[in-house]
Number of protein chains: 2
Amino acid sequence: MPLFNQISIIGVGLIGGSLAKSIKRKKLCNKIVGFFRNKTKLNKAVKDRIVDEASLDLRKSIKNSDLIILALPISQIINFLSQIKKISKDKKVIIMDAGSTKLKITQAADKLKLDFVGTHPLAGSEKKGAGFSYANLFDNSKVIITPTNKTKKGSLNKIKLFWKKLNADVIVLSAAEHDKILSYTSHLAHIASFCLIDTVPDKFLNFGASGLKDTTRIALSDAEIWSDIFLSNKKEVLKSLSAFEQKIKRIKKTITKNQKKQLIKILDTAKNKRRIMGQ
Amino acid sequence: MPLFNQISIIGVGLIGGSLAKSIKRKKLCNKIVGFFRNKTKLNKAVKDRIVDEASLDLRKSIKNSDLIILALPISQIINFLSQIKKISKDKKVIIMDAGSTKLKITQAADKLKLDFVGTHPLAGSEKKGAGFSYANLFDNSKVIITPTNKTKKGSLNKIKLFWKKLNADVIVLSAAEHDKILSYTSHLAHIASFCLIDTVPDKFLNFGASGLKDTTRIALSDAEIWSDIFLSNKKEVLKSLSAFEQKIKRIKKTITKNQKKQLIKILDTAKNKRRIMGQ
């Protein structure tokens, strides 16, 4: 028997589409229903068999499902939680999200008294849309699950099992811990990357080689998704940005004062840290 | 007839080794002589046939050569220019470098009245050493050549031809223009990358996914090489860093004030700029 009978995916983009494909591969449910706001995308997803059924009507999309997955930008996840609360009569449905910040979302879900489990798969890319989705996106990727003290133990265990069956490496953290960590390991890098490319004068762009390309690849990420992420994690993002500014200032000082030894030491420390992450 | 009779390569690392291999592939000279300061590396390079001959003695390494290539960190290039001036009796030898900043080097060469052509291949990686060298590193890569008003026209043309024969895309700029452009397209990205990884607390490193890895890959670069680059281009590097700091401040302001529309606009502008560079 599969883990769920019917799973609804709200937002069938890179993450939602990859979830649909990997759920099918692992046979974690009998039927996947997708919710779309765009008829063309709906038709394409049905034609490509990413989902078994699809609707432009949220009520129809979630009816009879025992798991609803919200794979949307943060602010939309929060909106959809309220809408689902209003229309859902099935008390047994578990709601899960895949958003990149967790505190605002879990707080909203708790307030609505939903049976909710917050999750964040550390997978994906700067690409957007179901066209880039693939079935093994989550293989060996970390997935952070952020229960609150209102999360039902049975639901938490089921969602943990769900991600484990998708070959993910499950880590349980509080939403606050998640948001603090990700502000350093993800949000800061995105802001630095956007600012970096924005600093390069247009006429110099064609002199950029592989180093600049790598360093700014994530500036190809979606502006709306990422503005939601930054704003929903404001406090932690601002803290990590200030820490980054201090590091920049320190390097500026050594360059200004021609302190070669200190500069080499700073760069070497950074390099050794980066080595820990591997290639 | 090959372009040169004998080429000396001073510093047989990633760039010097790749030059040796690509010179051989294109048969641009009859003999390559390498200068080494390390017996083990010398033996390995001879055994691997990266160079035809090798010496630990600079005088022997450059004797009878009609081209000397300096593929070393900036400060060492400047030191070697003086040493070469002292021992070289052959007035016909052209000296070329492959350093990542150009103004300090060309000024030093002009002062010594050498027949010098400054060049900078925009190729390479964070990797170091002849072990990573390969014969087609310069294929389709840009090479910036920075003549001064003391550069002999014949030497400039010969060096242009040299790089063209290695399949590089040759661009002639003044050393000052080069250093200004590269401060934005390369030096700034390296500093941002070193600072970024340095900002991430150690205990959070294992939460870093592909985005952080890409953004900080160039922080694996050699600390000594890059401290030389930053210090030898101090004025321009500090300018580009200040411009970057302004961009960070602007994003911080929009986040602090919850200005979502302005934030999206900033991110979208950056994204569109990055798109120009391709994947």
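Going along each chain's sequence as written, the residues are numbered from 1 onward. Here the convention is simple: chains get letters from A, ligands get numbers from 1, in the order in which they are written. At least 70 in pLDDT is required for a residue's local features to be given in this predicted model, at least 80 for side-chain atom pairs to be given and counted, and no such filter applies to totals for whole chains, interfaces and linings, which use all residues. To obtain the side-chain values, all non-hydrogen atoms of the structure were included, while hydrogens and water were left out.

Draft legend 1. Quick look at the packing of aromatic side chains. Pairing of aromatic side chains requires ring centres within 6.5 Å, counting the rings of Phe and Tyr and the six-membered ring of Trp. Pairs whose planes differ by under 30 degrees are stacked, by over 60 edge-to-face, and all others tilted. Counted under the stated rule, the structure contains 13 aromatic pairs over all chains. Look at Phe 138 of chain A and Trp 163 of chain A: their rings are 5.2 Å apart centre to centre, the planes differ by 80°, and that puts the pair in the edge-to-face class. Placement of Phe 138 of chain A in the loop between strand 6 (116–121) and strand 7 (142–146) and of Trp 163 of chain A in helix 6 (residues 153–165) is noted, with a sequence separation of 25 residues between them. For Trp 163 of chain A, a relative accessible area of 0% puts it in the buried group. Between the aromatic rings of Phe 162 of chain B and Trp 163 of chain B, the centroid separation amounts to 5.4 Å while the plane-to-plane angle is 85°, which identifies the pairing as edge-to-face. One aromatic cluster in this structure is built from Phe 4, Phe 138, Phe 162 and Trp 163 of chain A. For the purposes of this entry, the term helix denotes a DSSP run of H or I that reaches at least four residues, the term strand denotes a run of E that reaches at least two, and both are numbered from the N terminus. The buried label goes to any residue with under 20% of its type's maximum accessible area, the exposed label to any with over 50%, and the partly exposed label to all in between, with areas taken from a 1.4 Å probe on protein chains only.

Draft legend 2. View of the relation of the copies chain B and chain A. Between chain B and chain A, which share one sequence, the superposing operator has a rotation angle of 180° and an axial displacement of 0.0 Å; the RMSD is 0.0 Å. What the rotation and shift describe, once combined, is the action of a two-fold rotation axis. If distances are taken from each C-alpha of chain B to the rotation axis, the shortest is found for Thr 215 of chain B, at 2.0 Å. Mapped onto chain A, 100% of the interface residues of chain B again fall at the interface, so both copies present the same surface. Here the copies are matched by least squares. The fit uses the C-alpha atoms of residues with pLDDT of at least 70 in both. Contacts are residue-level and defined by heavy atoms, with any inter-residue pair within 4.5 Å sufficient.

Draft legend 3. Region of interest: the environment of Ser 232 of chain B. Residues and elements named next belong to chain B. Summarising the element assignment, Ser 232 is placed in helix 9 (residues 223–232). Residue Ser 232 is classed as buried on the basis of its relative accessible area, which comes to 11%. Residue contacts for Ser 232: discarding those within four places in its chain leaves Ile 74, Thr 101 and Lys 104. N or O atoms within 3.5 Å of each other form a polar contact, as long as, within protein, one can give a hydrogen and the other can take it, and as long as residues adjacent in sequence are counted only when both atoms are side-chain atoms. Engagement of the side chain of Ser 232 in a polar contact is seen with the backbone oxygen of Ile 229, the distance being 3.1 Å.

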